[in-house]
Amino acid sequence: EMALGTDPMRPDRQELPLGTIEKINGQDYLLLTIQKSSSAQADYKVEVSFDQRNWNSGDQFTKTLIDTPHQLVVRSTIALSLLDRQFMRLVVGIDS
């Protein structure tokens, strides 16, 4: 809740990370948009998985399109047509 700037006492789906599909050169790619809390002392990392057991991040798997104090937008580097399925998740750690 703190990393996303949401109120834990008020449910609001509008403030959750938003997963969409972006078309590039005729190929579809997963895209995750996160509204960050500028007051949170946190590290944000987006990971991609093809089986929901093994999760990967980094330039081979994800491309960061926007990274500001208020927003993070990350796209998978692997087209959806190349795999049967694909998943993205947000991992938040505390800044030390």
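Presented here is an overview of the structure given in this document. These numbers come from a predicted model, not from an experiment. Per chain, residue numbering runs from 1 following the sequence as it is written. Owing to the predicted nature of the model, reporting of local features is limited to residues with pLDDT of at least 70; listing and counting of side-chain atom pairs is limited to 80 or more, with chain, interface and lining totals taken over all residues. Side-chain numbers come from the whole structure's heavy atoms, not from hydrogens or water.

### Observations concerning the nonpolar core
And step 1. What is meant by a nonpolar core is a set of buried Ala, Val, Leu, Ile, Met, Phe, Trp, Tyr and Cys residues, joined one to another through side-chain atoms within 4.5 Å. Accessibility here uses a 1.4 Å probe with only protein chains present; expressed as a share of the type maximum, an area under 20% marks a residue as buried, one over 50% as exposed, and anything in between as partly exposed. Of all hydrophobic cores here, the largest spans 10 residues; its members are Leu 30, Leu 32, Ile 34, Ala 42, Tyr 44, Val 46, Val 48, Leu 72, Val 74 and Met 88.
And step 2. By definition, any uninterrupted DSSP run of H or I lasting at least four residues is a helix, any uninterrupted run of E lasting at least two residues is a strand, and each is numbered from the N terminus. If you list the elements that add at least two residues to this core, you get strand 2 (27-35), strand 3 (42-49) and strand 6 (71-76).
And step 3. Top contributing element to this core by residue count: strand 3, with four residues.
And step 4. Discounting chain neighbours no more than four positions away, the residues touching Leu 72 are Leu 32, Thr 33, Ile 34, Lys 36, Tyr 44, Val 46, Thr 64, Ile 66 and Asp 67. Pairs of residues are marked as contacts when any of their non-hydrogen atoms sit within 4.5 Å.

### Quick word on the pairing of strand 1 (residues 18-24)
The side chains of a regular strand alternate, residue by residue, between the two faces of the sheet.
And step 1. Two strands qualify as a pair provided DSSP detects at least 2 bridges between them. Across seven bridges, the pairing between strand 1 and strand 2 is antiparallel. Residue Lys 23 lies in a different strand from strand 2, and its bridge partner there is Asp 28.
And step 2. Counted along the chain from strand 1 to the antiparallel partner strand 2, the turn is two residues long, and its residue Asn 25 has a positive phi close to 50°.

### A look at the side chain of Lys 36
And step 1. Mapped onto the elements, Lys 36 comes out in the loop between strand 2 and strand 3.
And step 2. Engagement of the side chain of Lys 36 in a polar contact is seen with the backbone oxygen of Thr 68, the distance being 2.8 Å. We define a polar contact as two N or O atoms separated by no more than 3.5 Å, with the added condition that, inside protein, one atom must be a possible hydrogen donor and the other a possible acceptor, whereas residues neighbouring each other in sequence contribute only through side-chain atom pairs.

### What about the pattern of salt bridges?
And step 1. By salt bridge we mean one thing: a side-chain nitrogen of Lys or Arg within 4 Å of a carboxyl oxygen of Asp or Glu. In total, this model carries five salt bridges according to the counting rule given.
And step 2. The residue Asp 28 makes a salt bridge to Lys 23 at a minimum N-O spacing of 3.0 Å.
And step 3. Under the relative-accessibility criterion, Asp 28 is labelled partly exposed at 29%.
And step 4. On the accessibility criterion, Lys 23 (57% relative accessible area) is exposed.
And step 5. A salt bridge links Arg 89 to Glu 47; its shortest N-O distance comes to 2.7 Å. In this pair, Arg 89 sits in strand 7 (residues 87-94) while Glu 47 sits in strand 3, placing the two residues 42 residues apart along the sequence.

### Quick notes on the sheet that holds strand 5 (residues 62-67)
And step 1. The strand order across the open sheet formed by four strands is 1-2-6-5, and the pairing between neighbours is antiparallel. A strand with exactly one partner marks an edge of an open sheet, and here the two such strands are strand 1 and strand 5. Across the sheet, the axes of successive neighbouring strands diverge by a mean angle of 25°, strand direction being ignored.
And step 2. One ladder, built from five bridges, connects strand 2 with strand 6; its direction is antiparallel. Each residue of the ladder has a partner; that of Thr 33, found in strand 6, is Val 73. An axis is simply a line fitted to the C-alpha atoms; with a helix, the fit covers only the stretch in contact. Between two such axes, the angle follows the N-to-C directions and lies from 0 to 180 degrees.

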